[in-house]
Amino acid sequence: TSLALAHGAHRLGKRTDPMMERWRNYGLGQFIHWGVYAIPGGQWNGASYGGAAEWIRSWKGMPKEAYDNLYKEFDPENYDPSALAKQAKEMGAKYMIITTKHHDGFCLWPSEYTDYDVTNTPYGKDIIGPLVEAYDAEGIDVYLYFSVMDWNHPGYRSVLATEEDRSAYESFKEFTRNQLLELLERYPTTKGLWFDGTWDEAWKEQAEFADNLATEMRKKIPGLIIGSRFRPDDYGNRHFDSNGDLMGDYEQGWERKLPETYEDTNGNDWDCVMTIPENQWGYHSDWRGHVKTSYELIEMLVKSVSLDGNFVLNFGPDAKGDIRMEEKKLATEIGQWMSKNKSAIYNCGHIDWEKQDWGYYTQNRVTGEVNMVVFNKPINSVLRIKTSSKISLQKIYDLNDATKIYDPEEISQDEYIIQLGDEELAEPKVIVIKYDHSKGETKGYE
Ligand code: H79
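Since we're looking at a predicted model, the values are computed, not measured. (Residues numbered from 1 in each chain as written. Predicted model: local features only at pLDDT ≥ 70, side-chain atom pairs only at ≥ 80, totals over all residues. Heavy atoms only, no water.)

Looking now at the overall build of the chain. Per the secondary structure count, the chain includes 9 helices and 19 strands. Over its C-alpha atoms the chain spans a radius of gyration of 24 Å, differing by no more than 12% from the 22 Å that the globule rule assigns to 446 residues. Along the first, second and third principal axes, the C-alpha set of the chain runs to 75 × 55 × 35 Å. Out of the 446 residues in the chain, the part that is buried amounts to 55%. Relative to all contacts within the chain whose residues are 6 or more apart in sequence, the contacts with residues 24 or more apart total 71%. Positive and negative side-chain charges of the chain, numbering 50 and 74 respectively, have mean locations separated by a distance of 2 Å. (Helix = DSSP H or I, 4+ residues; strand = E, 2+ residues; numbered from the N terminus. Rg over C-alpha atoms; globule rule 2.2 N^0.38 Å. Buried < 20%, exposed > 50% of the residue type's maximum accessible area, 1.4 Å probe, protein only. Contact = heavy atoms within 4.5 Å. Lys, Arg positive; Asp, Glu negative; His and termini not counted. Charge placed at Lys NZ, Arg CZ, Asp CG, Glu CD.)

Set out below in structure tokens:
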């Protein structure tokens, strides 16, 4: 039984065109949250805001008026788009998502449709254009983050309670449409949009408007990739329509969390966007709580790829445009691991072999080779491999030393062990499995 929806999912199953294939093979991405919230950096009047730095405007500790005048100080003298792009490249990012406009409504590009943009800051210049150019030059695909929710626009409403609200919201919808088409026109190499701030009741009533706008945007950039966080369906359902089908090109619900199993992903494409500290996207001078290590982040990356997702790590430049030391160090460490082990990440995805405690499998979608990414070495040094169907193993070897061959011992049907011996694991280690689909007879285990 399925409801007839005018604005539900328009496609069942995955997109298979080259642009989406490219997206699917990124593995690692970079998020950048940057805006006037970087100026207070989570601090106001000697007090430190405990929430996310980019939400400081919603804190009673800071007057709205003070926040709304921050743009008069926005002057990132150290902003160096090509240095940022180089750092991202060294880390191994294949795509980058930049906040063109966060919830506060401040635009990092010169927008014809508002004065609340970079043009009216001391900096005075476009932030987005040079960034797109720099990342394009490094071969890193650019995606634009856009918050529909906009605390600056006079027509914005979170709920439409009165006729006055409805008429004001029409002006806001027109503004939203204008800005999105403007962005795509200004930055035609954009590969996709990453939407946020679409949870309002007011927006949930806009199924037809959002659907038409998505069509219009895709006309501007054919193949444009839009996740599940943009449009609601006829009944105001988000991400999944009223029939349970995914709306958009990939599931966009994994924010600061990861699926545990492949079943959790429903077999959809998805991305995980992750912060380095617990919950800070924009620059906050006072990172409290646990700050993730490169080991933890690499594990999240590998786990994402093993479950067919992309992992997108967030950076929050400060008011001057500098990347903080902690973030630089992590980018370098991740990049060092990636430089050796990237073949277990790029063009790789899920394989339905039973997960083992030593780590995660990823499978190269082109060659079919399986990578064992080993995070845990057991006390007995034995790694178990259990395949989902009968295969014939050709070769098992160390990705970074092809002379190091592991001799599998078949211990049961479709089940093998290899010995790590006295090797010490200084970092997550990749072991490659080459195999053929076996046509031979079984050994009669059953
Ligand atoms: O940009 C970063 C965050 O600022 C933004 N998304 C990432 C990528 C974000 N932060 N929080 N959220 C998104 C979710 C917001 C949840 C809440 Fe609410 C908004 C809690 C209270 C207001 C949702 C809407 C739940 C109640 C109303």
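Further remarks concern the side chain of D211. Positionally, D211 belongs in helix α7 (residues 207-220). Within the local environment of D211, its side chain forms a polar contact with the side chain of H7, the two groups lying 2.7 Å apart. (Polar contact = N/O pair within 3.5 Å; in protein donor to acceptor, adjacent residues only side chain to side chain.)

Another point: the nonpolar core. By size, the foremost hydrophobic cluster in this structure holds 98 residues, and its most contacted members are Y135, F195, M217, F230, L297 and F311. The leading source of residues in this core is helix α5 (residues 163-186), at 7 residues. Here this core spans two domains, since at least three of its residues come from each of domain 1 (18-347) and domain 2 (351-437). With 18 residues, the next largest nonpolar core counts W353, W358, I431 and Y435 among its residues. (Core = buried A, V, L, I, M, F, W, Y, C linked by side-chain atoms within 4.5 Å. Domains from an automatic or database assignment.)

Moving on, we come to the pairing of strand β16 (residues 401-405). Pairing geometry for strand β15 (residues 391-398) and β16, over 2 bridges, is antiparallel. If you follow D398 over to β16, its bridge partner there is D401. The hairpin formed by β15 and β16 contains 2 residues between the paired strands. (Pairing = 2+ DSSP bridges.)

Now for the packing of aromatic side chains. With the rule as written, the count across this model stands at 30 aromatic pairs. By the ring-pair criterion, three or more aromatic residues cluster together here, those being W34, Y71, F74, Y79, F106, Y116 and Y123. A cation over an aromatic ring shows up here: K355 above the ring of Y360, its NZ or CZ 4.4 Å from the ring centre. (Phe/Tyr/Trp six-rings, centres within 6.5 Å; stacked < 30°, edge-to-face > 60°. Lys NZ or Arg CZ within 6 Å of the ring centre and 35° of its normal.)

Moving on, we come to unusual backbone geometry. A positive phi angle, close to 60°, is found at R256, a residue other than glycine. Among the secondary structure elements, R256 is positioned in the loop between β8 (251-255) and β9 (270-274). The exposure class of R256 is partly exposed, given its relative accessible area of 35%. Positive phi values are uncommon outside glycine, yet N266 reaches one of about 55°. In this fold, N266 is placed in the loop between β8 and β9.

Within the structure, the ligand sits among H33, E54, W55, H102, H103, Y145, W194, D196, W199, E255 and W281. Taking E54, its side chain carries an N or O atom lying 2.6 Å from an oxygen atom of the ligand. H102 places a polar side-chain atom, nitrogen or oxygen, 2.7 Å from an oxygen atom of the ligand. Each residue belonging to the shell around the ligand can be placed in one class, and the counts come to 5 nonpolar, 3 polar and 3 charged. (Near = heavy atom within 4 Å. Nonpolar A, V, L, I, M, F, W, Y, C, P; charged D, E, K, R; others polar.)

This part covers the domain arrangement of the chain. The domains assigned to the chain are domain 1 (18-347) and domain 2 (351-437). The C-alpha centroid of domain 2 is placed 36 Å from the C-alpha centroid of domain 1. Taken together, the contacts link 17 residues of domain 1 with 15 residues of domain 2. Buried surface at the junction of domain 1 and domain 2, both sides included, amounts to about 1,600 Å², of which 52% is carbon and sulfur. Connecting domain 1 to domain 2 are 2 salt bridges. Between D308 and R365 there is a salt bridge, and its shortest N-O distance comes to 2.7 Å. Taken together, domain 1 and domain 2 are joined by 10 residue pairs in polar contact (both at pLDDT 80 or more). For the side of domain 1 that touches domain 2, the elements supplying multiple residues, two or more each, are α8 (294-306) and α9 (325-341). In terms of residues, the side of domain 1 that touches domain 2 owes the most to one element, α8, which gives 7 residues. Grouping the amino acids of the side of domain 1 that touches domain 2 by side-chain chemistry returns 7 nonpolar, 5 polar and 5 charged. (Buried area = accessible area lost by both parts, 1.4 Å probe. Salt bridge = Lys/Arg side-chain N within 4 Å of Asp/Glu carboxyl O.)

Empty space within the largest pocket amounts to approximately 300 Å³. Lining of the largest pocket is provided by 15 residues; of these, Y262, L307, H350, W353 and K355 occupy positions nearest its centre. Of all the secondary-structure elements, those providing two or more residues to the lining of the largest pocket are α8 and β12 (359-364). Each of domain 1 (18-347) and domain 2 (351-437) contributes no fewer than three residues to the lining of the largest pocket. (1 Å grid on protein atoms, 1.4 Å probe; cavity = no way out; pocket = protein on both sides within 12 Å on 5 of 7 lines; lining within 4 Å. Points joined across faces, edges and corners; volume = space filled by probe spheres on them.)

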